[in-house]
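# Remarks on the overall topology
The lines below spell out each chain.
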Amino acid sequence: MAICYARGIALHVFAWIRNSCVIKTPNGEIMDDLPSKYVVELLGALLAYKSKADMRKLKGAPHCTFWMLKLQVSNVVGCDSSVEKLWKATKGESSGNLLMALDEGCTVEWRDDTPAPIIRSGKLLCFQALIVKT
């Protein structure tokens, strides 16, 4: 249940970033939907690494086969329509890179209509899109 809860929180955070932040390259170009692009890159790299490990006959975690991992990745991809759309566009191909594709000098700005975070006692408790009970 904790994994499902964490996945749900991540989806809310992704939606919040998509709706609240503008990420720009050093020359001012807007980078659309960075969270989805990053997750698709990570998932592709994960599958590529597992495939290479299998080809080299390296043992991994018990019961973690390539097809089981691919099934889990499909489940994750299906949880978010933006991630799913990008995943289908990549056709499962991966650069094998785990780094986030951000150039030095990129900026993150709040959209003008973004609500301010609620802060109590110096702790960030919630945003409009993600409410955490305390």
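Residues numbered from 1 in each chain as written. Predicted model: local features only at pLDDT ≥ 70, side-chain atom pairs only at ≥ 80, totals over all residues. Heavy atoms only, no water.

One pass over the full model with this rule turns up five salt bridges. Glu 109 serves as the salt-bridge partner of Lys 24, at 3.7 Å between the closest nitrogen and oxygen. One end of the pair, Lys 24, is in strand S1 (residues 21–24); the other, Glu 109, is in strand S2 (residues 107–110), and 85 residues separate them in sequence. Since its relative accessible area comes to 23%, Lys 24 is described here as partly exposed. With its nearest N and O atoms 3.8 Å apart, the salt bridge here joins Lys 88 to Glu 84. Residue Lys 88 and its partner Glu 84 are located together in helix H4 (residues 81–90), separated by four residues, close to a single helical turn. For Lys 88, a relative accessible area of 58% translates into the label exposed. A residue is classified by how much of its surface remains accessible, and Glu 84, at 28% relative accessible area, is partly exposed. Residues joined in a network through salt bridges with shared partners are Arg 18, Asp 33 and Asp 80. (Salt bridge = Lys/Arg side-chain N within 4 Å of Asp/Glu carboxyl O. Helix = DSSP H or I, 4+ residues; strand = E, 2+ residues; numbered from the N terminus. Buried < 20%, exposed > 50% of the residue type's maximum accessible area, 1.4 Å probe, protein only.)

What follows covers helix H2 (residues 34–55). Helix length check: H2 (22 residues) gives 32 Å between terminal C-alpha atoms against 32 Å at 1.5 Å per residue, within 8%. Buried within H2 are the following residues: Leu 34, Pro 35, Ser 36, Val 39, Val 40, Leu 43, Gly 44, Ala 45, Leu 47, Ala 48, Lys 50 and Ala 53. On its buried face, H2 sits against helix H1 (2–20), S1, helix H3 (66–77) and H4. One or two residues past the end of H2 sits Lys 57, with phi positive at roughly 60°. (Expected span 1.5 Å × (residues − 1). Contact = heavy atoms within 4.5 Å.)

Before going further, it helps to spend a moment on the side chain of Asp 80. Its place among the elements puts Asp 80 in the loop between H3 and H4. Note on Asp 80: relative accessible area 8%, which makes it buried. A distance of 3.0 Å separates polar atoms of two side chains, one belonging to Asp 80 and the other to Arg 18. When residues no more than four places from it in sequence are discounted, the contact partners of Asp 80 are Leu 11, Arg 18 and Ser 36. (Polar contact = N/O pair within 3.5 Å; in protein donor to acceptor, adjacent residues only side chain to side chain.)

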